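A look at the structure
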Amino acid sequence: MNPEPSIGVITLNGELDIARKDELRSALSVTQSAHPVLIDLVGVTYADSTALSELLRFSLEAQERNVPVALLAISPQFLRVIEYARLDQALRVFTDRERALEYLHAS
Amino acid sequence: MQNNRLLVVWALVFVVALAALVFGGFAIRKSAVSVIDDEATIRTTRGLLFAVLKDQLDEETAVRGFAVTHQREFLEPYDAARETMPVQVTELEAQLQTLRLTSDVTAVEDAKRVNDEWVSSVALVVIEGKTHDLVGVQVSGKRLVDEFRVDMAAIDHDLSDQYALLGQRSQDEVSNFTGFVLIAGGLLLAAALLFTAFQVAAHQRYERVQRQARDAERREETVHAAYQAERRIAQNLQEAIKQRELPVLPSIALSAIYVPAKEEAMVGGDWYDAFDIGAGRIFFTIGDITGHGIDAAVAMSRVRSSVLSAALRDLDPAGVLARINQEQCEGRDWPLVTAIVGVADSNSYEISYASAGHPPPILLEPGVDPALLELGSLPLGASKSTVYVTHHVRAVPDAMLVLYTDGVVEQTRNVITGERALVHAVGDLTKAERTEAARAIYDRIFGAQAGVDDIAIMTVAFSAPRRSDAARPVARPASAPADPIPPTAQSGIESSRNAAVPSDATQRRRVA
């Protein structure tokens, strides 16, 4: 169940909106290494466009550095917001933790 | 922190000073009392000493007088002294014990023995007339009396020494007392100084806190004023930029509504627009800038102009988005933009559109439930390599396309229920409401309450044609009135029309 230490895990909870922009930024800036990153958003039910922008920019930058990023989310409404912003085109979105870790280990 | 330490030091010094005062006071009092007591005892002892000496003198004088006169009355002082002397001697011994002068107690014992010897060997011999050698008796009596007085003198000498010691002790007491007063006073002074320092520090801290509070208040006022100003500017910008009249076409009915966020900080960058591009077609766009305030309003105005100028070159929706995306990606830290651009053709009832991270358009067709159309690609400004796609939808006459910004569905922060409410509101539209469809949808969803976020809704509806028109659609003249696009620019759009709208509705055009 526990991810290997070579995978960076960023966990966020609640509603991500403009008020939490700085928190989100610093959480995402923690991982600058080449390790694969799991963004655990299981506890997130909503993200506004500002938060989605941050996630998107982080994922795209990681992509440029060839760092695999997997996003884990289960809330249907949050998944729909992710779809709106097409985050699913910029990074791999999983609803199952095992699958997400498998993907990150494989890449 | 520092003030707390100061307070602790102060309290300690104060307690020590107080304790020193109390204990020192008691000690000095006790010592002074013992000096006074000892002095009284020495005085009493001396009195007793003199009383004993007087008794002895009375005895001797009385016996000598009797020896000369042989009259009994001369012996009265002798008898009285014989009675009082033992009492006085006992008392004297007790007092000497109190003064812890044990050698003097021994001296008193010796004097008592000498006196007893004098009584038996001199006084009684003389009184009872047992000798004729009165001179001899008197000589030995003189020796005993001298012995007695030596003892007494020794005691008196000791008592004098005690007196002298007492003087020394009281001098010590005085210097002790002076020292004590100095120390206690010093401590109290130190405590007072510390207390003052503490008070000053506390006062300074209080002033500092007050000053900070005042500064914070002033800052807050400034920020609030700036905030208000920003809100006004953002709103004015919104108003100035947005409220362009929507084109009026016989074959396409347009309606729109924009409601700025109630909260000042949330006024942002929503926009919608539509242009008559001739031949019964309109070019439409709706979008949203990430973020709020002046930055978003300004960015909105820029992006919206870009949409217009891109559409002037090439009407292909995906092409327009690709162009704006390139521009947005050039800008450093520019906000992300979600947008839909499209073309509605009232001749073919075809709608072609491209979307960049925007919520899906809704298509309402008579007799069926409203349908959410396909999503597009990433928001504008996210990645240079994003590929935008033109979607083609062949609609029916009387179909209506509903475009909106995320504020419409994210009101409760649950997009699923928001989407459902929107679809219901669209599905419930009556025929009469179609001319003001955007407002009707808004009212159905929000009622009287304002949204948290900016809200924009635009509807694009084909007007059901009369039979004669349907067979033979008539293109509008290029110089149509109420056309917002300048005539010079319009020709460019016209010329690109055929290339921009592919005839195959299912085709998806990829733009590099």
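Residues numbered from 1 in each chain as written. Chains lettered and ligands numbered in written order. Predicted model: local features only at pLDDT ≥ 70, side-chain atom pairs only at ≥ 80, totals over all residues. Heavy atoms only, no water.

**Points about the overall build of chain B**
In terms of helices and strands, chain B carries 11 helices and 11 strands. Considering only intrachain contacts with a sequence separation of at least 6, the fraction spanning at least 24 residues in chain B is 75%. Of the roughly 25,900 Å² that chain B leaves accessible, carbon and sulfur atoms contribute 58%. (Helix = DSSP H or I, 4+ residues; strand = E, 2+ residues; numbered from the N terminus. Contact = heavy atoms within 4.5 Å. Areas by Shrake-Rupley, 256 points an atom, 1.4 Å probe, with all protein chains shown as cover.)

**Looking at the interface of chain B and chain A**
Taken together, the contact pairs 28 residues of chain B with 22 residues of chain A. It is L375, L378 and R413 of chain B that lose the most area in chain B upon contact with chain A, and together they represent 30% of the buried surface on that side. E15 of chain A serves as the salt-bridge partner of R413 of chain B, at 2.8 Å between the closest nitrogen and oxygen. Across the contact surface, chain B and chain A share 8 residue pairs in polar contact (both at pLDDT 80 or more). When residues of the side of chain B that touches chain A are traced back to their parent elements, those giving at least two are β3 (281-292), α7 (406-409) and α8 (415-427) of chain B. Across the side of chain B that touches chain A, the residue classes break down as 14 nonpolar, 10 polar and 4 charged. (Buried area = accessible area lost by both parts, 1.4 Å probe. Salt bridge = Lys/Arg side-chain N within 4 Å of Asp/Glu carboxyl O. Polar contact = N/O pair within 3.5 Å; in protein donor to acceptor, adjacent residues only side chain to side chain. Nonpolar A, V, L, I, M, F, W, Y, C, P; charged D, E, K, R; others polar.)

**Some points on the sheet that holds strand β1 (residues 252-259) of chain B**
Residues and elements named next belong to chain B. Overall, antiparallel pairing links the 5 strands, which are arranged β1-β10-β9-β6-β7 in an open sheet. Because the sheet does not close on itself, it has two edges, and the strands there are β1 and β7 (371-372). For β1 and strand β10 (residues 455-462), the ladder comprises 8 bridges, and the chain directions are antiparallel. Bridging across to β10, S255 finds its partner in T459. Contacts between α8 and the sheet are confined to β6 (362-364), β7 and β9 (400-404), with β6 contributing the most and set at about 25° to the helix. (Pairing = 2+ DSSP bridges. Axes fitted to C-alpha atoms, helices over the stretch in contact; angles between N-to-C directions.)

**Some remarks on the nonpolar core**
Core analysis: the biggest nonpolar cluster contains 58 residues, and I39, L41 and L87 of chain A together with Y404 and I457 of chain B have the highest contact counts within it. Counting residues per element, this core draws most heavily on helix α2 (residues 49-64) of chain A, at 7 residues. Those residues in contact with L41 of chain A, other than ones at most four positions away along the chain, are L12, L16, L55, L71, L72, A73 and F78 of chain A. (Core = buried A, V, L, I, M, F, W, Y, C linked by side-chain atoms within 4.5 Å. Buried < 20%, exposed > 50% of the residue type's maximum accessible area, 1.4 Å probe, protein only.)

**Section: helix α3 (residues 102-128) of chain B**
Residues and elements named next belong to chain B. Along its 27 residues, α3 runs 37 Å from first to last C-alpha, staying within 8% of the 39 Å computed at 1.5 Å per residue. The largest bend along α3 measures about 40° and falls at V119. Following α3 by one or two positions, G129 has its phi on the positive side, about 65°. (Expected span 1.5 Å × (residues − 1). Bend = angle between axes of the 7 residues up to and from the residue.)

**Some details on the side chain of H358 of chain B**
One can find H358 of chain B in the loop between β5 (350-356) and β6. The exposure class assigned to H358 of chain B is buried, which follows from its relative accessible area of 0%. A distance of 2.6 Å separates the side chain of H358 of chain B from the backbone oxygen of Y404 of chain B, its partner in a polar contact. In this structure, H358 of chain B is in contact with Y84 of chain A together with I286, G287, D288, T338, A339, I340, L375, Y404 and T405 of chain B, ignoring residues within four places of it in sequence.

**What to know about a negative patch on the surface**
A cluster of acidic residues, E73, E76, D79 and E83 of chain B, forms a negative patch on the protein surface. As for its position among the elements, E83 of chain B is in helix α2 (residues 76-98). (Patch = residues over 30% accessible without salt bridge, like charges linked within 9 Å, V, L, I, M, F, W, Y side chains within 5 Å. Lys, Arg positive; Asp, Glu negative; His and termini not counted. Charge placed at Lys NZ, Arg CZ, Asp CG, Glu CD.)

**Some points on empty space enclosed by the protein**
Scanning all chains against the criterion turns up 3 cavities of 30 Å³ or more. Put simply, the largest cavity is a space of about 140 Å³. As for the largest cavity, its lining consists of 17 residues, of which S49, L52 and A85 of chain A together with T338 and G357 of chain B are closest to the centre. Elements with a minimum of two residues in the lining of the largest cavity: α2 and α3 (76-84) of chain A. When residues in the lining of the largest cavity are grouped by element, the largest group, 4 residues, is from α2 of chain A. Residues belonging to the lining of the largest cavity are distributed by class as follows: 9 nonpolar, 5 polar and 3 charged. (1 Å grid on protein atoms, 1.4 Å probe; cavity = no way out; pocket = protein on both sides within 12 Å on 5 of 7 lines; lining within 4 Å. Points joined across faces, edges and corners; volume = space filled by probe spheres on them.)

**With respect to a positive patch on the surface**
All names here are of chain B. A cluster of basic residues, R205, R208, R211 and R214, forms a positive patch on the protein surface. Residue placement: R214 occurs in helix α4 (residues 134-242). Residue classification places R214 among the partly exposed residues on the basis of a relative accessible area of 45%.

**Examining α2 of chain B**
Residue and element names in this part refer to chain B. With 23 residues, α2 should reach 33 Å at 1.5 Å per residue; the first-to-last C-alpha distance of 33 Å fits that figure. Where α2 bends most, the angle comes to about 30°, and this point is T84, followed within four residues by the proline P86. Along α2, the positions that sit buried rather than exposed are Y78, A81, M85, V89, L92, E93, Q95 and L96. R100 lies just past α2 and shows a positive phi near 60°.

**Remarks on the pairing of strand β8 (residues 388-394) of chain B**
All names here are of chain B. Of all the 7 residues making up β8, 6 are buried; the element is thus mostly covered by neighbouring parts of the structure. Sheet analysis places β5 next to β8, joined by 4 bridges and oriented antiparallel. In the strand pairing of β8, E350 is matched with R394.

Read these as geometric descriptors, not functional statements.
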